[in-house]
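Structural characterization, general
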Amino acid sequence: MPPNTFFPSDPAKAFKSFNEHASITGNASSQALLGFYHATGYHDVVPVDQAMAQLYLTFAAHNGHKGAQMALGYRYWAGIGVAEDCLAALSWYEDAAEQCM
């Protein structure tokens, strides 16, 4: 994957930056990206840890991050890191959809 504004050429440095930014500011975008890193183990910067991914995505989603809300909707629908829960999935999808109106 080529570098871009979200993932610079040094994934470990990017993770460290997102982590520090999220810790200091509680920024939802940084939290969502940390969730992505933990969910995928992106470039082996951190091991795959679905519990940590769920935690960061939940923080981001409660802070209004539409992508994190969509990700949580899918995770609850598919049972990734959580028990399958169609009503919880629907609730997160609705939260994200309300931002599009």
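See the structure printed just above.
Structural notes, computed from the coordinates. Positions within a chain are numbered from 1, following the residues in the order the chain's sequence is written. Selection of residues for local features in this predicted model requires a pLDDT of at least 70, selection of side-chain atom pairs for listing and counting requires 80 or more, and totals for whole chains, interfaces and linings are taken over all residues. Side-chain numbers here rest on the full set of heavy atoms in the structure, without hydrogens or water.

1. Some thoughts on the side chain of His-38
Short version of the rule: Starting at the N terminus, helices and strands are each numbered in turn, a helix being any DSSP run of H or I of at least four residues and a strand any DSSP run of E of at least two. Classification of residues uses two cut-offs on accessible area relative to the type maximum, computed with a 1.4 Å probe and protein chains only: under 20% is buried, over 50% is exposed, and between them is partly exposed. Contact between two residues is taken to exist if any of their heavy atoms lie within 4.5 Å; hydrogens are not considered.
Relative to the helices and strands, His-38 resides in helix H2 (residues 28–40). Classification of His-38 by relative accessible area gives buried; the value is 9%. With sequence-adjacent residues up to four places away left out, His-38 is seen in contact with Phe-15, Val-46, Pro-47, Val-48, Asp-49, Gln-50, Met-52, Ala-53 and Tyr-56.

2. A closer look at helix H5 (residues 86–98)
This is how it is decided: Multiplying one less than the number of residues by 1.5 Å gives the expected span of a helix. Here, the arc refers to the directions that run from the helix axis to the C-beta atoms. Residues adjacent in sequence count toward polar contacts only when both atoms are side-chain atoms; beyond that, a polar contact is any pair of N or O atoms within 3.5 Å, and within protein one must be able to donate a hydrogen and the other to accept it.
Helix length check: H5, at 13 residues, gives a terminal C-alpha distance of 18 Å against a target of 18 Å (1.5 Å per residue), a fit within 8%. Looking only at H5, the buried set comprises Ala-88, Ala-89, Trp-92 and Ala-96. Projected onto a plane normal to the axis of H5, the buried residues spread over an arc of 105° and lie on a single side. The outward face of H5, more than 90 degrees from its buried face, is lined by the exposed residues Cys-86, Leu-87 and Glu-98. The N-capping residue of H5, defined by a side-chain oxygen 3.2 Å from the backbone nitrogen of Leu-87, is Asp-85.

3. A closer look at the nonpolar core
As a reminder, the rule being used: Working definition of a nonpolar core: buried Ala, Val, Leu, Ile, Met, Phe, Trp, Tyr and Cys residues. They are joined through side-chain atoms within 4.5 Å.
Among the nonpolar cores identified, the biggest contains ten residues, and these are Ala-14, Phe-15, Phe-18, Ala-22, Leu-33, Leu-34, Tyr-37, Tyr-42, Val-46 and Tyr-56. Top contributing element to this core by residue count: helix H1 (residues 11–25), with four residues. Setting aside its immediate chain neighbours within four residues, Val-46 contacts Phe-15, Tyr-37, His-38 and Gly-41. Ala-32, Ala-60, Leu-72 and Trp-92 belong to the second largest nonpolar core, which has eight residues in total.

4. Regarding the environment of Ser-91
Tracing the backbone through its elements, the reader meets Ser-91 in helix H5. On a C-alpha basis, the gap between Ser-91 and Tyr-56 in space is 18 Å, while along the polypeptide they are 35 residues apart.

5. Some words on unusual backbone geometry
Residues apart from glycine generally show negative phi values, whereas peptide bonds are mostly found in trans. Of note, His-43 is a non-glycine position whose phi angle comes to about 55°, a positive value. Mapped onto the fold, His-43 is located in the loop between H2 and helix H3 (50–62). Even without being glycine, Asp-44 reaches a positive phi, approximately 55°. With respect to the helices and strands, Asp-44 occurs in the loop between H2 and H3.

From the geometry alone we can't say anything about function, so treat these as descriptive.
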